[in-house]
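What the coordinates show
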Amino acid sequence: MSKVIVISGLTAGGKTALIKALAQKLTNSKIISFDDYDIDQLPSAPSLSTPLVPNRELV
């Protein structure tokens, strides 16, 4: 059975050290770091100038 472990925390909070230690203990494990991705470079990502919510007047 596959499992996913998600680690979240403050900057410089020890997340990388923790996942490296876990990867050594958990055989056949993979690390996927959000730091490895630049979401703004994805073809499907909207331009930073594109509003995510349509401009509507509040009622």
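One structure accompanies this document, and this report is about it. In this text, all values refer to a predicted model and were calculated from it rather than measured experimentally.

Cut-offs used in this document
Residues numbered from 1 in each chain as written. Predicted model: local features only at pLDDT ≥ 70, side-chain atom pairs only at ≥ 80, totals over all residues. Heavy atoms only, no water. Helix = DSSP H or I, 4+ residues; strand = E, 2+ residues; numbered from the N terminus. Areas by Shrake-Rupley, 256 points an atom, 1.4 Å probe, with all protein chains shown as cover. Buried < 20%, exposed > 50% of the residue type's maximum accessible area, 1.4 Å probe, protein only.

Examining the overall build of the protein
If you tally the helices and strands in the protein, you get one helix and zero strands. Approximately 6300 Å² of the protein is accessible, and the part contributed by carbon and sulfur atoms is 58%.

Quick word on unusual backbone geometry
Its identity is not glycine, yet Ala12 carries a phi of approximately 60 degrees, on the positive side. Relative to the helices and strands, Ala12 resides in the segment before helix H1 (15-25). Unusually for a residue other than glycine, Asn28 sits at a positive phi of about 55 degrees. Within the secondary structure, Asn28 is located in the segment after H1. In this structure Asn28 comes out as exposed when scored by relative accessible area, which is 73%.

Considering the environment of Ser2
Here Ser2 shows up in the segment before H1. In this structure, the C-alpha to C-alpha distance between Ser2 and Ser29, residues 27 residues apart in sequence, is 9.8 Å.

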